[in-house]
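# Fold and geometry: a report
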Amino acid sequence: MTDLPGDAEFPDWDLLAGDSARTPAGIELVAASSLRDLRGRRAVVGVPGLGWRADIRIDNVVVQASRTYVPALPEQEWYRAESEQTEVFAPLVPLERVWVERVSSAVTASAELMLVSLDAPPQRPPRPARDVKAITGLRVVRVAGPEDKTGRDQRDLRAVTEAYNSAEGDICIRVCRELEWYRWAWSGQPPKTLEVPIHLLWAE
């Protein structure tokens, strides 16, 4: 395995792209109790002071014996149920132990180590893919390049390779849609992938 180039060896992509490269919004966590429609939302569950479990999808609240719960599924099971229209058992998590992910421009990238509170799950600032040593399997965001007129970020992607030199000599990472990433696990069907220049990818 070869190391990625150092900072001095990377092209000045901001200059090459006409200074159009930008940072995607990060992820903030908000209490599920503050939102109304929870179905299909990505969430984090856990206990303050103990820890957190991510890569969860949730459904709308249910009430049992005067307590309010949120059905919570591992993301792979949620995708399989939605894709194949099958019924699955979703464990019920007390509402106060569920936080919902939300894209927020207020959550910005930081190169410094940030200490967090254990009272709630921490926000997730974006990280440049070039700064992530092992990115295969991680959630990534593809930002719009200078030729992309939509200017929209593409989310719900997973990296399927580490950085490599493409046939054109660019440093790239291959990505796939998250549904296909999980389908690969339950069916063995390899996903369709897209080669993306590393400077357009951020770890979510």
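Scoring rules and cut-offs
Residues numbered from 1 in each chain as written. Predicted model: local features only at pLDDT ≥ 70, side-chain atom pairs only at ≥ 80, totals over all residues. Heavy atoms only, no water. Helix = DSSP H or I, 4+ residues; strand = E, 2+ residues; numbered from the N terminus. Buried < 20%, exposed > 50% of the residue type's maximum accessible area, 1.4 Å probe, protein only. Contact = heavy atoms within 4.5 Å. Areas by Shrake-Rupley, 256 points an atom, 1.4 Å probe, with all protein chains shown as cover. Phe/Tyr/Trp six-rings, centres within 6.5 Å; stacked < 30°, edge-to-face > 60°. Lys NZ or Arg CZ within 6 Å of the ring centre and 35° of its normal. Core = buried A, V, L, I, M, F, W, Y, C linked by side-chain atoms within 4.5 Å. Pairing = 2+ DSSP bridges. Axes fitted to C-alpha atoms, helices over the stretch in contact; angles between N-to-C directions. Parallel < 35°, antiparallel > 145°, perpendicular 65-115°, else oblique. Nonpolar A, V, L, I, M, F, W, Y, C, P; charged D, E, K, R; others polar.

### Describing the overall build of the protein chain
Looking only at helices and strands, the protein chain features 3 helices and 14 strands. Within the protein chain, the proportion of its 204 residues that are buried is 37%. Restricting the contact set of the protein chain to residue pairs at least 6 apart, pairs at least 24 apart contribute 56%. Roughly 12,300 Å² of accessible area belongs to the protein chain as shown, and the carbon and sulfur atoms make up 51% of that amount.

### Let's talk about the packing of aromatic side chains
Per the stated rule, a full pass over the model turns up 4 aromatic pairs. Relative to W184, the ring of W181 has its centre 6.1 Å away and its plane inclined at 80°; by these criteria the two rings are edge-to-face. Here W181 and its partner W184 are both found in helix α3 (residues 178-187), 3 residues apart, which amounts to about one turn of the helix. On the basis of relative accessibility, which here comes to 36%, the residue W184 falls in the partly exposed class. Taken together, the aromatic side chains of W78, Y79 and Y182 make up a single cluster linked through ring pairs. A cation sits over an aromatic face here: R57 above W78, 4.7 Å from the ring centre.

### Quick notes on α3
One full turn of an α-helix is made of 3.6 residues, so residues set three or four places apart face in the same direction. Within α3, burial applies to E178, L179, E180, Y182 and W186. The inward-facing, buried residues of α3 contact β2 (42-47), β3 (51-58), α2 (75-84), β9 (139-142), β10 (154-159) and β12 (171-177). Looking one or two residues past α3, G188 carries a phi angle of roughly 80°, positive in sign.

### Re the nonpolar core
Of all hydrophobic cores here, the largest spans 16 residues; its most connected members are A129, I135, V140, I173, V175 and L201. Those elements that provide at least two residues to this core are β10, β12 and β14 (201-203). In this structure, V175 is in contact with V140, L157, R158, A159, V160, K192, T193, L194, V196 and L201, ignoring residues within four places of it in sequence. If you look at the next biggest cluster of nonpolar residues, it comprises 14 residues, including L35, A43, V45 and V98.

### So, the pairing of β9
Where β9 meets β10, 3 bridges bridge the pair, whose relative direction is antiparallel. In the strand pairing of β10, R142 is matched with Q154.

### Section: unusual backbone geometry
Trans peptide bonds make up the majority, and among non-glycine residues the majority have a negative phi. Positive phi, normally seen in glycine, also occurs at D55, with a value near 55°. Positionally, D55 belongs in strand β3. Take D55: its relative accessible area is 30%, and that puts it in the partly exposed class. Backbone geometry places A65, a non-glycine residue, at a positive phi of 50°.

### What about the side chain of S166?
Within the secondary structure layout, S166 lies in the loop between β11 (164-165) and β12. Its relative accessible area of 8% is what places S166 among the buried residues. Apart from the residues within four sequence positions on either side, S166 is in contact with C172 and E195.

### Quick word on the packing of α2 against α3
Two elements in contact, α2 and α3, have axes whose closest approach is 9 Å; the angle formed by their N-to-C orientations is 95°. In terms of their interaxial angle, α2 and α3 are classed as roughly perpendicular. For the pair formed by α2 and α3, the contact residues are E75, Q76, Y79, R80, S83 and E84 on the first element and E178, L179, Y182, R183, A185 and W186 on the second. Class assignment of the residues belonging to the contact of α2 with α3 gives a composition of 5 nonpolar, 2 polar and 5 charged.

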